[in-house]
Amino acid sequence: MYALADCNNFYASCERVFQPHLEKVPIVVLSNNDGCVVARSHEVKDLGVKMGVPIFMIKDLVKQHGIKVFSSNYVLYGDISSRVMSTISSYVQNYEVYSIDEVFLDFTGFDTNFNLVDYCKEIRYVVRRNTRIPISIGIAPTKTLAKAANKLVKKRFKDTGVCYLKDQDDVKEMLRDFDVGDLWGVGRQYEALLKKHGFETALKLMNAPDEWIRKNLSVVGLRLVNELRGVPCIDLDEVPAKKKGICVSRSFGNMISDLSILEESLSTHANRASEKLREQGSNCGSISVFLHTNRFRSDLPQYFPSKEIELPLATNDASNIISAAQKALELIYKPGYNYKKCGIFLNDITPADDLQLNLFVQDDTDKKNKLNKSVDSLNKKYGKDSLKYAIQGTKKEWKLRQENLSLSYTTRLSDVPCVDLNKS
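These figures come from a predicted structure and were not determined experimentally.

Note: α-helices contain 3.6 residues per turn, so residues at a spacing of three or four share the same orientation. The set of residues buried in helix α7 (residues 168–175) consists of Val 171, Met 174 and Leu 175. Viewed along the axis of α7, the buried residues span an arc of 90°, placing them on a single side of the element. Of the residues that open α7, the one with a side-chain oxygen 3.2 Å from the backbone nitrogen of Asp 169 is Asp 167.

Structure follows, in structure tokens:
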């Protein structure tokens, strides 16, 4: 048996952790630069607000119903997520963190008579007690069915918060009216194809002929169908795969035309990308840098350049990657344009312990590794960017627009809530 534990309305729930007076208040969390709705509380969903709607389109609704609007606070969400995952993982030996608010649990080895429903209810209670985050849990013989069971919790099992698809009889009953488009791994194109051929529900897809599935949905589709039939085909991924490409980019809070400000922004992105490389023990052999103007401003000239630069020696050193990024930026930058976004891709990623040397390039890898290790250690201890390169600047005129940002209650000492014991 597998289980999928999913945090309910995670971003909105995180905002409520330290502001309990918002418990039943409608909440939306916005995307970068406070653009679109990326998270909604149940109260907002009941008002008919769709995911991804621009905030300016629901201003009247916000005012009418007193909807509380927050900017994305990923530092807070990431830290609370790690606390939730730490609590949940203590209940099983094997687990897979699938996303910031989802984790698969492996119940292999548990006695067949063990009461998994009560066990998962206990997990829900302890997570709520420790973190104040509500979760839902779906239990089933495969990961795909566990994902479906988790969706069913929100429709049929809100009171208990747990849905258990114990055998194929339970599976057939629950999937009889389960929309095929809600299945894990079924995108819009596959959904349209399946419904066109009469497979509107998950149960109908489960009973589809193997030949038709293999022909129209390939081996991946057949694996999905077998999972619906209770045959595990997707293993638990306990160790996340190393990334084959790394991208760091951000939109600016305001449009920028000044080269020096663009250099500060790009250097910060390049530094963060190099940190990600080192975290997974990799090097990159080339980088790509891009600039974007605002494609939604038809009244302004448009320009979307990019430039790839091959590195003489594969590296994860921040100074080398920042230097290459600056060279690329100088090649593609043109004055007279108002830029809205810049970013960097790291390509040709290889293991750091498998370095191919270059006869014509001096190898100072050991020296750079010691420097980066010290920098990473200090930033981990004292906070992000406590130590950084001068070219990254200090003013951050390019930073995101976050007009409704909540405090970093768990990661910044100045934001930790205080209680005055002298007041009753």
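Looking now at the layout of surface pockets. Quantified by volume, the second largest pocket comes out at close to 740 Å³. Of all elements in the fold, only β1 (2–7), α1 (10–17), β3 (37–40) and α6 (143–156) reach the threshold of two or more residues within the lining of the second largest pocket. Looking at the lining of the second largest pocket element by element, the count peaks at five residues for α6. The residue makeup of the lining of the second largest pocket, split by class, is ten nonpolar, three polar and ten charged.

Adjacent strands of a sheet form backbone hydrogen bonds with each other and so pair up, either parallel or antiparallel. The strand order across the open sheet formed by four strands is β9-β12-β10-β11, and the pairing between neighbours is antiparallel. A strand with exactly one partner marks an edge of an open sheet, and here the two such strands are β9 (246–256) and β11 (306–315). The average undirected angle you get between the axes of adjacent strands in this sheet is 15°. Direction of pairing for strand β10 (residues 282–293) relative to strand β12 (residues 339–351): antiparallel, over a ladder of eleven bridges.

One ladder, built from five bridges, connects strand β5 (residues 94–99) with strand β6 (residues 102–106); its direction is antiparallel. In the strand pairing of β6, Asn 94 is matched with Asp 106. The antiparallel hairpin formed by β5 and β6 contains two residues in its connecting segment.

The next point concerns the nonpolar core. Grouped together as the largest cluster of nonpolar side chains are 36 residues, with contacts concentrated most on Ile 88, Phe 107, Ile 123, Ile 133, Ile 135 and Ile 137. Mapped by element, the contributors of at least two residues to this core are β1, α1, β2 (27–30), α4 (74–89), β6, α5 (116–131) and β7 (135–140). Once residues lying within four places of it in the same chain are set aside, the contact partners of Ile 123 are Ile 88, Tyr 91, Leu 105, Ile 135 and Ile 137. Grouped together as the second largest cluster of nonpolar side chains are 35 residues, Ala 149, Cys 163, Val 180 and Leu 194 included.

Attention now goes to the packing of α6 against α7. For the pair α6 and α7, the least separation of the axes is 11 Å and the interaxial angle reads 55°. Classified by the angle between their axes, α6 and α7 sit oblique to one another. In this structure, α6 crosses over α7, and the sense of that crossing is left-handed. Note on element contacts: α7 touches α6 through Val 171, Glu 173, Met 174 and Leu 175, opposite Leu 145, Ala 148, Leu 152 and Arg 156. Tallied by class, residues from the contact of α6 with α7 come to six nonpolar, no polar and two charged.

Once that is clear, we can look at the packing of α4 against α5. Contact geometry for α4 and α5: axes closest at 10 Å, N-to-C directions at 145°. Note that α4 runs across α5; the crossing there is right-handed. In this structure, α4 contributes Arg 83, Val 84, Thr 87 and Ile 88 to the contact, and α5 contributes Ile 123, Val 126, Val 127, Asn 130 and Thr 131. Among the residues forming the contact of α4 with α5, the class breakdown is five nonpolar, three polar and one charged.

Definitions and limits used
- Residues numbered from 1 in each chain as written.
- Predicted model: local features only at pLDDT ≥ 70, side-chain atom pairs only at ≥ 80, totals over all residues.
- Heavy atoms only, no water.
- Buried < 20%, exposed > 50% of the residue type's maximum accessible area, 1.4 Å probe, protein only.
- Helix = DSSP H or I, 4+ residues; strand = E, 2+ residues; numbered from the N terminus.
- Arc of directions from axis to C-beta.
- Polar contact = N/O pair within 3.5 Å; in protein donor to acceptor, adjacent residues only side chain to side chain.
- 1 Å grid on protein atoms, 1.4 Å probe; cavity = no way out; pocket = protein on both sides within 12 Å on 5 of 7 lines; lining within 4 Å.
- Points joined across faces, edges and corners; volume = space filled by probe spheres on them.
- Nonpolar A, V, L, I, M, F, W, Y, C, P; charged D, E, K, R; others polar.
- Pairing = 2+ DSSP bridges.
- Axes fitted to C-alpha atoms, helices over the stretch in contact; angles between N-to-C directions.
- Core = buried A, V, L, I, M, F, W, Y, C linked by side-chain atoms within 4.5 Å.
- Contact = heavy atoms within 4.5 Å.
- Parallel < 35°, antiparallel > 145°, perpendicular 65-115°, else oblique.
- Left-handed = near helix turned anticlockwise from the far one by under 90°.

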